[in-house]
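Chain by chain, the residues run as shown.
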Amino acid sequence: MGQKEKKTKFIMVQGTMSNAGKSLVAAGLCRLLHQEGFRVAPFKSQNMALNSFITREGLEMGRAQVMQAEAAGTEPSVYMNPILLKPTSDVGSQVIVNGRVRGNMKAREYFEYKKELIPDILAAVEHLSEDYDIIVIEGAGSPAEINLKDHDIVNMGMAELVDAPVLLVGDIDRGGVFAQLLGTLELLEPEERSRVKGLIINKFRGDKTILDPGIRMLEERSGIPVVGVLPYMDISLEDEDSLSERLENRREGRIDIAVIRLPYISNFTDFNVFDAFPETNVRYVTRLQELGSPDLLVLPGSKSTVNDMRWLKESGLDAAVIGYARAGGIVFGICGGYQMLGERIGDPECTETGGEIGGLGLLPLETELASEKVMGQTEGSFREVTGALKGLSGRTYRGYEIHMGRTRVTGETPREQVIGENRKKESAEDKTKGSTELWTGQAEVFTENGTGYSSGNVYGTYIHGIFDAEEVVPELLRVLAERKGLSRDGVEEISYADFKDLQYDRLADMLRQYMDLDRIREMLGSDR
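Residues numbered from 1 in each chain as written. Predicted model: local features only at pLDDT ≥ 70, side-chain atom pairs only at ≥ 80, totals over all residues. Heavy atoms only, no water.

Asker: Provide a residue-level description of the overall build of the chain, including the pertinent values.
Answerer: Along the chain, the regular secondary structure elements total 18 helices and 25 strands. With 528 residues in all, the chain has 59% of them scored as buried. Restricting the contact set of the chain to residue pairs at least 6 apart, pairs at least 24 apart contribute 73%. Accessible area of the chain: about 21800 Å², with a carbon and sulfur share of 47%. (Helix = DSSP H or I, 4+ residues; strand = E, 2+ residues; numbered from the N terminus. Buried < 20%, exposed > 50% of the residue type's maximum accessible area, 1.4 Å probe, protein only. Contact = heavy atoms within 4.5 Å. Areas by Shrake-Rupley, 256 points an atom, 1.4 Å probe, with all protein chains shown as cover.)

Asker: Tell me about the side chain of K373, and name the residues and values.
Answerer: Tracing the chain through its elements places K373 in strand 21 (residues 365-381). Within the local environment of K373, its side chain forms a polar contact with the side chain of E60, the two groups lying 2.8 Å apart. Of the polar contacts made by the side chain of K373, one reaches the side chain of Q94; its length is 2.7 Å. (Polar contact = N/O pair within 3.5 Å; in protein donor to acceptor, adjacent residues only side chain to side chain.)

Asker: Give a description of the confidence of the model for the chain that names residues and reports values.
Answerer: Note that predicted coordinates carrying low pLDDT should not be read in detail. Scored by pLDDT, the chain has a mean of 88; 90% of the residues are at 70 or more. In the predicted structure, residues 413-439 sits below a pLDDT of 50 and forms 37 contacts with residues beyond four places in sequence or in another chain. (pLDDT = per-residue confidence, 0-100.)

Asker: Break down the side chain of E138 for me, with residues and values.
Answerer: Structurally, E138 is set in strand 9 (residues 134-138). Accessibility expressed as a relative area gives 1% for E138, which makes it buried.

Asker: Any details on the pattern of salt bridges? Residues and values, ideally.
Answerer: Under the criterion given, the structure shown has 32 salt bridges. Of the charged contacts in the structure, one is a salt bridge between R31 and D505, with a shortest N-O distance of 3.0 Å. Taken as a pair, R31 in helix 2 (residues 22-35) and D505 in helix 17 (residues 496-514) lie far apart in primary sequence, 474 residues in all. Residue R31 is classed as buried on the basis of its relative accessible area, which comes to 8%. Given a relative accessible area of 27%, D505 falls into the partly exposed group. The salt bridge partner of E70 is K500, with a shortest N-O separation of 3.1 Å. Placement of the pair is E70 in helix 3 (residues 63-71) and K500 in helix 17, with a sequence separation of 430 residues. Owing to a relative accessible area of 13%, K500 belongs among the buried residues under this scheme. In the salt-bridge network here, residues are joined through shared partners; they are R344, E356, E366, E368 and R408. (Salt bridge = Lys/Arg side-chain N within 4 Å of Asp/Glu carboxyl O.)

Asker: Explain helix 5 (residues 118-129) to me, using residue names and the numbers behind them.
Answerer: Taking 1.5 Å of rise per residue, 12 residues should cover 16 Å, and helix 5 covers 16 Å from first to last C-alpha, within 8% of that figure. Regarding helix 5, the residues found buried are D120, I121, A124, V125, L128 and S129. (Expected span 1.5 Å × (residues − 1).)

Asker: Describe the sheet that holds strand 1 (residues 9-15), with residues and values.
Answerer: As summarised here, the arrangement of the 6 strands in space is 2-9-1-10-11-12, forming an open sheet in which the pairing is parallel. Edge strands, defined here as strands with exactly one partner in the open sheet, are strand 2 (40-43) and strand 12 (226-231). Between one strand axis and the next, the sheet turns by 20° as a mean value, whatever way the strands run. The sheet contact formed by strand 10 (residues 166-171) and strand 11 (residues 196-204) spans 6 bridges and is parallel. If you follow L168 over to strand 11, its bridge partner there is L199. Lying on the sheet, helix 2 is in contact with strand 1, strand 2, strand 9, strand 10, strand 11 and strand 12; it crosses strand 9 at an angle near 170°. (Pairing = 2+ DSSP bridges. Axes fitted to C-alpha atoms, helices over the stretch in contact; angles between N-to-C directions.)

Asker: Let's hear about the nonpolar core: which residues, and what values?
Answerer: If you look at the biggest cluster of nonpolar residues, it comprises 70 residues, and the most contacted ones within it are I260, F271, F274, L312, F332, L389 and F467. Not counting residues up to four positions away in its chain, the partners in contact with L389 are I330, F332, Y459, L476 and V479. (Core = buried A, V, L, I, M, F, W, Y, C linked by side-chain atoms within 4.5 Å.)

Asker: So what's going on with helix 18 (residues 517-524)? Which residues, and what values?
Answerer: Burial in helix 18 covers these residues: L517, I520, R521, M523 and L524. All buried residues of helix 18 project into a common sector of 155° when viewed along the axis, lining one side. Away from the buried face of helix 18 by more than 90 degrees, exposed residues D518 and E522 are located. For helix 18, the N-terminal cap is D516; the gap from its side-chain oxygen to the backbone nitrogen of D518 is 3.3 Å. A positive backbone phi angle near 70° is found at G525, which sits one or two residues after helix 18. (Arc of directions from axis to C-beta.)

Asker: Tell me about the pairing of strand 18 (residues 331-334), and please be specific about residues and values.
Answerer: Alternating residues of strand 18 divide into V331 and G333 and F332 and I334, and every residue in both groups is buried. Looking at chain direction, strand 16 (residues 296-299) and strand 18 are connected through 3 bridges and run parallel. Among the inter-strand pairings, L299 is bridged to a residue of strand 18, identified as G333. Bridge count for strand 18 against strand 25 (residues 458-461) is 4 bridges, and the pairing is parallel. In the sheet register, V331 faces strand 25, and the bridge partner there is V458.

And the structure:
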């Protein structure tokens, strides 16, 4: 392969289980090596997650590698994640290769098919090797999952393809970290085990000296050095999947934002921006009793909108959302959540489950799912926003679309969506009346190009990342604080981009302090 002539170096991070800290360690290595002057790229051959991103070219990839690319100071590319699996049911996933949908497959079907994707993986590595000095590879799950080892393309199989040394990460916070690490090594084949050059204990709390006897025993029994004991880090980074601790309530805040935790919730990274504002509390709601009276109620994206709409009705949360909106609460729907705000969701092509289901009826819209996925980055300005968020009018946003539905105003053709222009002809008296209604039953263009509508205090859009723009969240929080009689005077604000940069720097500092970087450099053949 070309990368050997170009002397591109590889290092791989694997874990004893999902959520052991692979993404975190890989991101930290990307940042640290970038700070040392290397051109660094992240890589994960196969990612299973519902959080995805659209590149500048309009191609889809996993958010974890986007986060790692940011840490490495480089632009995200589908070559960093050539295979993305997005679960559509308990036994099947949508298969995305090189950023484009290849089709839906059952688990057994994909298990037999995935070996055909090795050329795509190698081609992606080849492309990255042309531009980068070091490629930091992340594994998936555990390399010791014996039932999945045939045709492995993401753990030891991937390490073998590029001859990469491996760091193995265990999670002490869940308990049994020595058994995790030793048991994983014991289940590896001898040639696989020989690739493991360092062990990492992650999420440690307390006095490390108490851990030292266990570390000595671990090194003696395994013959592999422990190259890091990383503390439990309170660092805000984007998460890969639903195992994220972000989905559990974490902090108190003066401004309460409730996100409905749909069974097939996707792109909950849309709400990470609120981490930069300590006065906010984002909590994820799964039961009617948990809803309470939030300051903002959000319906997030969904990979299976019809199923999640059905769950919303069965849980009783549908009536609660409707009641909250009719009482004047602010409701915001994104992508699948936007579709649910309408009157009907149809699936004539059986893109998900087939048939149709009624929506919440809070926006006079209807959606038909279709097999062709809409993907692309987008930017624009909020139109003449009505209701509580009228202060967003004219402010700019930037984000991306990724959905398999077409939404239109009820009874209108798709070309007749920009009905806000006709509303300008209304009398001043009608306008005044409309502005004071809690829910008007009429659709106003909210975001450009037919990507979103609003009615009173109900807002919906297809645009992911719509909160990330520097001028959006401060205005949103100003409104929410004002409605509660709170003041944001004196609140220090930071852009989300700067906030993320600080997190990556903090992570790199942690790795410098708690990892044996000389051994890492030795693995890479570098003395820098």
